[in-house]
Every structure is written in C-alpha cells, then in structure tokens.
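Listed below, chain by chain, are the residues.
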Amino acid sequence: MRAARGLWVIAIGILAGCIPEARLQPLPEARSLAGEPSAAVAESFGVRLIADGASWKGRPGNLERRLTPVEVRLENHSGRPLKIQYEFFDIEGASRFHYAAIPPTSLDEATADSTPVCTASRPAWGMSLAWGTHRPWGWRRWGGYGPWGPGWSSPFYDPFYDPFYRPYVQCEEPLPTQDMLDRALPEGTLENGGIISGFLYFQGVAERERQVTLVARLVDARTGEPVGTLSIPFQVHTG
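Think of each chain on its own: its residues are numbered from 1, step by step along the sequence as written. In view of the model being predicted, local features appear only for residues whose pLDDT reaches at least 70, and side-chain atom pairs are presented and counted only at 80 or more, with totals across whole chains, interfaces and linings using the full set of residues. Excluded from the side-chain calculations are hydrogens and water; all other atoms, namely the structure's heavy atoms, are used.

Going by an unreviewed UniProt entry, the protein chain carries the name Lipoprotein and comes from Hyalangium rubrum.

(A) The arrangement of the environment of R96 in detail. We count a stretch as a helix when DSSP gives it H or I for four or more residues in a row; a strand needs E for two or more, and each element gets its number in order from the N terminus. Inspection of the secondary structure assignment puts R96 in the loop between β7 (89-93) and β8 (98-100). It is 9.2 Å that separates the C-alpha atoms of R96 and V212, two residues lying 116 residues apart in sequence.

(B) Summary view of the sheet that holds strand β5 (residues 67-76). Spatially, β2-β3-β4-β5-β16 is the arrangement adopted by the 5 strands of the open sheet, whose pairing is antiparallel. At either end of the open sheet lies a strand with only one pairing partner, and these are β2 (31-33) and β16 (195-203). Neighbour-to-neighbour, the strand axes of the sheet open up by a mean angle of 30 degrees, direction not taken into account. At least two DSSP bridges between two strands are required for those strands to pair. Note that strand β4 (residues 47-52) and β5 share 6 bridges and pair antiparallel. Residue pairing in the sheet places A51 in a bridge with V72 of β5. Comment: axis = line fitted to C-alpha atoms, over the contacting stretch for helices; angle = value between 0 and 180 degrees taken between N-to-C directions.

(C) Representation of the side chain of R66. You can see R66 is positioned in the loop between β4 and β5. Burial classification: accessible surface area is computed with a 1.4 Å probe over protein chains only, and a residue below 20% of its type maximum counts as buried, one above 50% as exposed, and the rest as partly exposed. On the basis of relative accessible area, R66 is assigned to the buried category, the value being 10%. The definition of a polar contact used here is a pair of N or O atoms within 3.5 Å, where within protein one atom must be able to donate a hydrogen and the other to accept one, and adjacent residues in sequence count solely through side-chain atom pairs. Reaching out from R66, the side chain makes a polar contact with the backbone oxygen of E173 at a distance of 2.7 Å.

(D) Fine view of the pattern of salt bridges. When a carboxyl oxygen of Asp or Glu lies within 4 Å of a side-chain nitrogen of Lys or Arg, that pair is called a salt bridge. A complete count under the given rule lists 10 salt bridges for this structure. Here R23 ties to E21 by a salt bridge, and the two come within 3.2 Å at their closest N and O atoms. Taking the relative accessible area as the measure of exposure, E21 reaches 23% and is therefore partly exposed. Two residues, R80 and D220, come together in a salt bridge whose shortest N-O distance is 3.5 Å.

(E) Looking closely at the pairing of strand β17 (residues 211-219). In this sheet, β17 lies alongside β7 in antiparallel orientation, the contact comprising 5 bridges. Following the sheet pairing, F89 is matched in β17 by A216. Pairing geometry for β17 and strand β18 (residues 226-238), over 9 bridges, is antiparallel. The residue bridging V219 from the neighbouring strand is P226, located in β18. Following β17, the chain reverses through 6 residues before pairing antiparallel with β18; G224 in that reversal takes a positive phi of roughly 80 degrees.

(F) Geometry of the confidence of the model for the protein chain. The predictor attaches a confidence to each residue, and that confidence, scored 0 to 100, is pLDDT. In this model, the protein chain carries a mean pLDDT of 78, and residues with pLDDT of at least 70 account for 65%. The contact rule is simple, with two residues in contact once any of their heavy atoms fall within 4.5 Å. Throughout residues 110-115 the model reports pLDDT below 50, and contacts reaching past four residues in sequence, or to other chains, amount to 6 contacts. Confidence drops under a pLDDT of 50 for residues 124-158, and excluding neighbours within four residues, the segment shows 54 contacts in the predicted structure.

Structural data, given as structure tokens:
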C-alpha cells in the first residue's frame, strides 16, 4: 500500500508544473451557503456537509496549481459516531475518473528528503536602455536618459539586450507545507453532536475535468457499516 501511494504521489509531482490553477465553484443545482458563494451544503442521514473549493489562503500560495484543496466541515447529528478517514472522500469527475483524498502524511513521506525545485527564466521582452527597471507586469520599454539624450535610441540598440540581466528564479516549495498539515482534516471518530473541519487535498482536476462531484461516504465508527453518502457538484474554473 505504501509503495502504491508513493507512485501516485511521485506522478503528481511530475505533472504539477503542467496543471493550471483550479478553483471549484458550486453548480447552480447545488445548495449554496448564504454569504459564501464558493461554498455549498449537502444534508442527509442527520449529517451536514459543507464544502468550499476556493478558500485556500495559506502556503504554498500556488497550491491550486499543484493539487485541488477543498475545505470541508462535517456536523454530526445522526445519533451515532462516524468514522472519519481520507479513504471515505473522493472527487468524481465527469470523465468518470476518481480522485482520492491524499493523506498529508503520504505527501510528507514522498517529499521528506526533497529540496525545492527551481527554474530560471528571462522576461519575454526588452528592458530600459540604461537602468532595467522591473515592474510586476513586465519589463519597462526603453526610455529615460541614454547616451544620446532623453528619449533617443542608438541605431545599433538591441531592445532585448540587458547588461544587468538576472534570471527570474521560481522555486516550488516541497509539499506538504506546515500550513497544509495544520489545516488538514483530522482523521478519527466524530461523535454524535460533534463538528469537525479541515482541508482535503486531491490530485489536480483541471487537466481533464470541467465538472466534478465531491463525495463523502458516512461510516458508523462502532460497527463499520455504511450509513449513507453525501455529494456536492462543482464546476471547475481554471486560470
């Protein structure tokens, strides 16, 4: 089992750089949560499930490009204790592909000895003739006081030449971060009358899905018998 988990976690790491950022928004037919446009509710068997697929605000800031984080809250009024385990949560895609919730400890095992993966790139177009001022949205066009006076350029001037060029280096933080561990949904037993909340982390869905359904299987903690299933449909927004 550990070897199998390691294989799909490694696969996720290889594909992470190619996956666009994905945020889940409830489909119109989902029961929305008042005041929370990205959250939806499902309720049955005395259990209330609230899920938000666009609420991640921690580190790493680009987690939605690497995984699909979903914040969930379970409120148990079923009259019985419920067993909470990651294997009871899935995302089912319209493609019929199933995405299992990834235990944070599995991510930790796969990345414990790894270092940040860094890539260097240069800007897509030229910079200032003399000073190379950088702005968040790109490099400033030539101008200012060059050797030929204000606003002049040399006939031999290469707008892409940058004597002060330094590559822009971007590093991917190893997963899981401390924020991911601290905010993960805890496993265990949810007693009757209890409430539990946290994040579930799924493989990125944006590569192949436009609509998905979060599925939570409810299991009696005493007998191991299934109680029922709660589901919430989402549409996938990429960017």
